[in-house]
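Analysis of the macromolecular model
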Amino acid sequence: MVDWNRKFRSEYDAAREVLASPEAFEPDWQPVVAHLARLMGLDGFDVGRAEALDELRRRATQGAAECVDEAEGLLRAVGPGADGGRVADDARRRAAALKLLRHVYLEARAGSRGVWIVALPSAFTDWPSTQFAGEAANLAGARQLLAGHAEHFDVRARRCLGAAAQQGLAWCQRAAMVLADARRAREGASAERGDARALVRRWFVEPGAGEAAVDRLAATLARGFKDIVASLNRGRFVITDWVPLRAASTGLEAEFLRTEAFAFRSRSEGMDVVYVEGAFFDDVAGNVLRGQANWTRILVHELSHLVCGTHDVDDGQTRYAWAGIGPHAGYPSGETIRNADNWAFFAADCAGALTAGQRATALRRT
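Rules and cut-offs
- Note that residues are indexed from 1 along each chain, following the sequence as it is written.
- Where local features are concerned, this predicted model is filtered to residues with pLDDT of at least 70; where side-chain atom pairs are given and counted, the filter is 80 or more; whole-chain, interface and lining totals use all residues.
- To get the side-chain values, all heavy atoms of the structure are used, and hydrogens and water are removed first.
- The numbering of helices and of strands both runs from the N terminus, where a helix is a DSSP run of H or I of at least 4 residues and a strand a run of E of at least 2.
- As a reference, a globule follows 2.2 Å times the number of residues to the power 0.38, and the radius of gyration itself is taken over C-alpha atoms.
- Classification of residues uses two cut-offs on accessible area relative to the type maximum, computed with a 1.4 Å probe and protein chains only: under 20% is buried, over 50% is exposed, and between them is partly exposed.
- To be clear on the numbers: accessible area is Shrake-Rupley with a 1.4 Å probe, and residue cover counts the displayed protein chains and nothing else.
- Just to be clear on terms, a salt bridge is a Lys or Arg side-chain nitrogen sitting within 4 Å of an Asp or Glu carboxyl oxygen.
- As used here, the term nonpolar core means buried Ala, Val, Leu, Ile, Met, Phe, Trp, Tyr and Cys residues forming a set that is joined through side-chain atoms within 4.5 Å.
- Pairs of residues are marked as contacts when any of their non-hydrogen atoms sit within 4.5 Å.
- Whenever a helix is involved, its axis is fitted only over the stretch in contact; in every case the axis is a line through C-alpha atoms, and angles between N-to-C directions fall within 0 to 180 degrees.
- Should an angle fall under 35 degrees it is taken as roughly parallel, and over 145 as roughly antiparallel, whereas 65 to 115 is taken as roughly perpendicular and any remaining angle as oblique.
- Charged residues are taken to be Asp, Glu, Lys and Arg, nonpolar residues to be Ala, Val, Leu, Ile, Met, Phe, Trp, Tyr, Cys and Pro, and polar residues to be all remaining types, Gly included.

Regarding the overall build of the protein
Of the regular secondary structure elements, the protein holds 15 helices and 7 strands. Computed over C-alpha atoms, the radius of gyration of the protein comes to 23 Å, within 12% of the 21 Å expected from 2.2 N^0.38 for 366 residues, which places it in the range of a compact globule. With the C-alpha coordinates of the protein rotated into their principal frame, the extents come out at 80 × 45 × 30 Å. A burial count over the protein gives 52% of its 366 residues as buried. Surface exposure of the protein reaches about 15100 Å², of which carbon and sulfur atoms provide 50%.

Printed below as a string of structure tokens:
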């Protein structure tokens with residue numbers, strides 16, 4: 001069974017606690033650890049201190065007087081205090097914290113904005129704190145874990161994820177502008193107001209509903225997209241996979257491993273985290289969007305869960321775009337406004353990212 005208490009937040013907090021005591025590390029590593037500790041704030045990484053990660057990766061292969069293997073460099077840093085080859089528990093926790101941060105990257109940085117990507121090596125099948133506790137009882141086990149390099153998200157994947165976050169921000173900013181137009185007073189109303197309200201109707205309002213429904217839905221959407229934009233602009237957004245799912249082969253665990261992504265509604269994790277899983281980069285035959293546009297759609301979809309508390313509505317019909325999310329009497333505004341894919345496709349439409357054919361496919365009334 002998936003243990004939903006084992007979120008990334010718990011691993012982040014474990015590493016943060018360890019790094020708060022740099023004096024526990026080897027003396028020549030203590031300044032590096034102090035920088036890493038300042039990187040890790042109460043609610044996420046600090047973009048202004050991202051260079052601490054580069055310093056960690058550089059320092060791992062540069063010993064006090066010579067170049068060293070990275071695993072050996074990190075092992076020296078934690079001061080394992082080996083007794084007959086055994087690694088003390090506190091040294092394992094230090095090693096786990098450094099290994100976690102060794103594979104954290106800041107992508108798509110622009111000023112104080114960026115997306116943090118956790119790309120733990122594919123050899124890991126659990127969060128580092130757990131895996132080191134179980135497999136690093138001796139120096140050989142610790143070295144093996146520290147030596148892992150084949151990252152779950154390689155350079156290309158990280159760039160694609162960073163680009164999707166950037167594009168998602170652009171979509172959501174454009175949606176916020178459209179919604180501002182939709183909420184303008186009728187007096188002296190412009191063509192932009194009419195076009196904007198038509199977009200709200202297209203994705204959220206069943207035929208025959210009055211203008212009051214548009215006003216109500218536009219207000220909800222405006223608050224939501226404002227909050228999503230603010231979240232992305234904070235520079236604390238994290239993308240990872242749920243590492244303990246990697247070895248799943250059956251049951252609920254395997255189902256989640258095969259999804260595109262998931263997040264916890266209404267920021268219940270206490271951090272802005274989206275978990276990207278096995279199907280994220282797949283161009284599934286039934287998908288309405290493909291490639292970069294679909295990756296952006298997924299992130300906006302998940303951000304609406306994370307920030308705005310939306311759902312994946314299933315009212316007897318799965319309400320993903322490939323199944324049809326056009327509003328109608330059987331799928332009214334009360335459901336569309338709750339549904340994450342309606343939010344994502346609305347944002348894409350506001351940004352001009354949909355073809356006529358893609359729009360028509362998504363708006364099928366089923």
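Structural notes on the pattern of salt bridges
Pairs can form between side chains of opposite charge once their charged atoms are near each other. Summed over all chains, the structure comprises 29 salt bridges. Where Asp 28 meets Arg 59, a salt bridge forms, and the shortest distance between an N and an O atom there is 2.5 Å. In this pair, Asp 28 sits in the loop between α1 (8-19) and α2 (30-39) while Arg 59 sits in helix α3 (residues 51-60), placing the two residues 31 residues apart along the sequence. Its relative accessible area of 14% is what places Arg 59 among the buried residues. Three or more residues are tied together by salt bridges with common partners; here these are Asp 43, Arg 234, Arg 236, Arg 267 and Asp 272.

A closer look at the nonpolar core
The biggest cluster of nonpolar side chains holds 65 residues, and the ones touching the most others in it are Val 200, Trp 203, Phe 204, Phe 225, Phe 345 and Phe 346. Within the residue set of this core, elements represented by two or more residues are β4 (113-118), α8 (155-182), α9 (191-204), α10 (211-233), β5 (237-240), β7 (273-276), α12 (291-308) and α14 (340-350). When residues of this core are assigned to their parent elements, the largest contribution, 12 residues, is made by α8. Aside from chain neighbours lying at most four places away, what touches Val 200 is Leu 179, Ala 182, Val 205, Val 214, Leu 217, Ala 218, Leu 221 and Phe 346.

Some remarks on the packing of α8 against α14
Contact geometry of α8 with α14 gives a least axis separation of 8 Å together with a crossing angle of 80 degrees. Of the possible angle classes, the one that applies to α8 and α14 is roughly perpendicular. Counted together, Trp 171, Arg 174, Ala 175, Val 178 and Leu 179 of α8 and Ala 344, Phe 346, Ala 347, Ala 348 and Cys 350 of α14 form the full contact between these two elements. Residues belonging to the contact of α8 with α14 are distributed by class as follows: 9 nonpolar, no polar and 1 charged.

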